[in-house]
Each structure stands twice: as structure tokens, then as C-alpha cells.
Amino acid sequence: MAGCDPLPPAAGVVLDVFEHGESDLIAVIFTRERGRLAAIAKGAKKSRRRFVNKLEPFTSLELLLSPSRRSTLFRLDGAEIISSRPGLRFDHRRYAAASLVCELVIHWTREADPAPELFHLLGWTLDQMDNGDISWILPVFLVRLIDLTGHRPLLDACAVCGAAASGPMRMSHAHHGVVCRRCDPQGSGGTVLNAGEIRTIRELADAPPGRTGRIRIGAKSRRAITETMIRYSTWLLQKEPASWKAAAEIFPS
Ligand SMILES: [Zn+2]
């Protein structure tokens, strides 16, 4: 591959890794400096010594990358581990939840489009999932993800008639918010949220980064909020995350 000069070191989180040809690996990485990119690690499949334990999903790395003249694929010249988060690989529930997080970051980002707030949210989420309570972190991540992508749903009142959100309301994707029973008599298929769940989503979206830890979410509401946000994301992207089914099992039914 025709290369250019190496770039200054970049910080990134490995989102996915796949094999390329007989001897190479390609890593999909979300970097703070350059957004999402794909980088080829030459020879990494045959001799993993240079990249031992480094090209693993969920790992934060300091990266030495060289751009290519001919394609958007970078060449990975070196990597140092910042955080390997081993807890996410040895527990299938944590692995499933972290896989969902990384898949959604792939779906919600574009190549070469830096999103520093999302980069911070991703690192924070994976750190928390590494040893914290995943059933609490997943809804927190999803609410903040949707907010950062500019799609915060309307939750203060019915999105159609403006009636206050005092009782249960149904999420209406087409209206980008909750609607009351009068405005949606047929039940258009979105999840039903009670007033406390609607308030919790608002609080999570409004909380400054790092202050969400004070927000309590009951066991039943964790699943309701998570499902609501997954379905809304699926509707917005027209793509359901493949890892949702496995991740849903972190919630007791
Ligand atoms: Zn209404």
C-alpha cells in the first residue's frame, strides 16, 4: 500500500476486528481525533507479537497510524494499550452489552467525522461496564447516545396535543416523542412509558457528563428505557443492532 508520513499519535477504542487475507487484520476504531476509521495491521494475523492482546474489541489504545494515498484505510504501525478492560471479555453478559454499545457507535458515526463527546461517552460506558452494574449503564448510554446524535425525543408533553406527561404515554417514533392515549388510540407499536420513566429519560439527557451516577433507575424501568431507546434508534437508522438480542438478556424477565 502506498503510504504517507505517520500521523501524530491518536487515542482510539477498538470497535470491531476482522481478518483480511492470509495474514492481516483490519480493526474498526473510533478515535478522538479523527472519528471512526478502519486500519490494517499488516501481518498481525500470522504473527500477533506486535499487536499481542491489543487488537481486541473494547480496548483503548494509543495508535500510530499512517494514512493511505489510495484509500480511506489507514495502516496501523503500532499501538500501546491505555485500557484493555478484561472484565468485558470474560463475562458473557458484559461482552454482549459492550458489543451492543460498539455496534451502535459504528451505526451512529461516519468515517472521518470526529465526535469528541461521543468518544468520551464510549470510554466512560466501557469503563463502567468493565466492573459496574451493566443493567444500569446500558440505558444511561442509550439516552445520552440518542441525545448526542441530536435526536432527543419530546418528553415534556404529548407530542401531538401538548397534554402534560402525567400518566403512561406511548413513544411514537413518527412524532419523535411520547403521545397520550387520546392521540394514539390504536397504539402505534412504540413502548409505553410511565411518568417516572419519562422523567428519568429527561434527567439522564440533561445530566452533565459524570453526574448521571446519582440518577436511580428501578429494575423494571431499566429494561423499559433500554427497549424504548433501542426501538427509537432502530427506527431512526432503519437498522436493528444485531447484538441487541443477546444484550437484552442482561435484564431479568
Ligand atoms: Zn395527546
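Notes on the structure in this doc start here. (Residues numbered from 1 in each chain as written. Predicted model: local features only at pLDDT ≥ 70, side-chain atom pairs only at ≥ 80, totals over all residues.)

Some points on the packing of helix H2 (residues 116–131) against helix H3 (residues 134–148)
Moving on, step 1. Orientation of H2 relative to H3, taken along the N-to-C sense of each, is 175 degrees, at an axis distance of 10 Å. By the angle between their directions, the pair H2 and H3 is classed as roughly antiparallel. In this structure, H2 contributes Glu 117, Leu 118, Leu 121, Thr 125, Gln 128 and Met 129 to the contact, and H3 contributes Ile 134, Ile 137, Phe 141, Arg 144, Leu 145 and Leu 148.
Moving on, step 2. Within the contact of H2 with H3, the residues separate by chemical class into eight nonpolar, two polar and two charged. (Axes fitted to C-alpha atoms, helices over the stretch in contact; angles between N-to-C directions. Helix = DSSP H or I, 4+ residues; strand = E, 2+ residues; numbered from the N terminus. Parallel < 35°, antiparallel > 145°, perpendicular 65-115°, else oblique. Contact = placed C-beta atoms within 7 Å. Nonpolar A, V, L, I, M, F, W, Y, C, P; charged D, E, K, R; others polar.)

What about the nonpolar core?
Moving on, step 1. Formed by 66 residues in total, the largest nonpolar core has its most connected members in Ala 27, Ile 29, Ala 97, Val 101, Leu 122 and Val 178.
Moving on, step 2. Ranked by residue count, the leading element in this core is H3, at nine residues.
Moving on, step 3. Looking at this core, you find at least three residues from each of domain 1 (10–84) and domain 2 (88–250).
Moving on, step 4. Residues in contact with Ala 97, not counting those within four places in the same chain, are Met 129, Ile 134, Leu 138, Ala 247 and Ile 250. (Core = buried A, V, L, I, M, F, W, Y, C linked by C-beta atoms within 7 Å. Buried ≥ 20, exposed ≤ 12 C-beta atoms within 10 Å, placed from the backbone. Domains from an automatic or database assignment.)

Some details on the sheet that holds strand S7 (residues 177–179)
Moving on, step 1. Here we have three strands laid out as an open sheet, ordered S7-S6-S8, and antiparallel in their pairing. The open sheet is flanked by S7 and strand S8 (192–193), the only strands paired with a single partner.
Moving on, step 2. Pairing of strand S6 (residues 169–172) with S8 involves two bridges; the strand directions are antiparallel. Within S8, the residue paired with Arg 170 across the bridge is Val 192. (Pairing = 2+ DSSP bridges.)

Topic: the sheet that holds strand S3 (residues 35–41)
Moving on, step 1. Taken together, five strands build a closed barrel; the order of strands is S1-S2-S3-S5-S4 and the barrel is mixed. In this sheet, neighbouring strand axes are inclined to one another by 45 degrees on average, regardless of whether the strands run parallel or antiparallel.
Moving on, step 2. Summarising the sheet, strand S4 (residues 60–66) and strand S5 (residues 74–83) pair through seven bridges and their orientation is antiparallel. The partner of Glu 62 across the bridge, within S5, is Glu 80.
Moving on, step 3. In the packing of helix H1 (residues 92–108) onto the sheet, the strands contacted are strand S1 (10–20), strand S2 (24–31) and S3, and the crossing angle to S1 comes to about 95 degrees.

What about H3?
Moving on, step 1. Given a rise of 1.5 Å per residue, 15 residues ought to cover 21 Å, and the 21 Å separating the end C-alpha atoms of H3 matches this to within 8%.
Moving on, step 2. Along H3, the residues classified as buried are Ile 134, Ile 137, Leu 138, Pro 139, Val 140, Phe 141, Leu 142, Val 143, Arg 144, Leu 145 and Ile 146.
Moving on, step 3. Buried-residue contacts for H3 involve H1, H2, helix H4 (195–206) and helix H5 (219–237).
Moving on, step 4. Just downstream of H3, Gly 150 is the residue with a positive phi angle, here 85 degrees. (Expected span 1.5 Å × (residues − 1).)

Here's the deal with the pairing of S1
Moving on, step 1. Across four bridges, the pairing between S1 and S4 is antiparallel. Opposite Gly 12, over in S4, you have Leu 61 as the bridge partner.
Moving on, step 2. Where S1 lies against S2, eight bridges are found, and the strand directions are antiparallel. When the bridges of S2 are listed, Phe 18 appears paired with Ile 26.

A few points about the packing of H3 against H5
Relative orientation and spacing of two packed helices are given, respectively, by the angle between their axes and the distance between those axes.
Moving on, step 1. Packing of H3 against H5 leaves a shortest axis separation of 9 Å and a crossing angle of 35 degrees. Relative to H5, the crossing made by H3 is left-handed. Taken together, the residues of H5 that come into contact with H3 (itself represented by Ser 135, Trp 136, Leu 138, Pro 139, Leu 142, Val 143 and Ile 146) are Arg 222, Ile 225, Thr 226, Met 229, Ile 230, Tyr 232 and Ser 233.
Moving on, step 2. Of the residues that constitute the contact of H3 with H5, the class distribution is 10 nonpolar, three polar and one charged. (Left-handed = near helix turned anticlockwise from the far one by under 90°.)

Shape descriptors only; they carry no functional weight alone.
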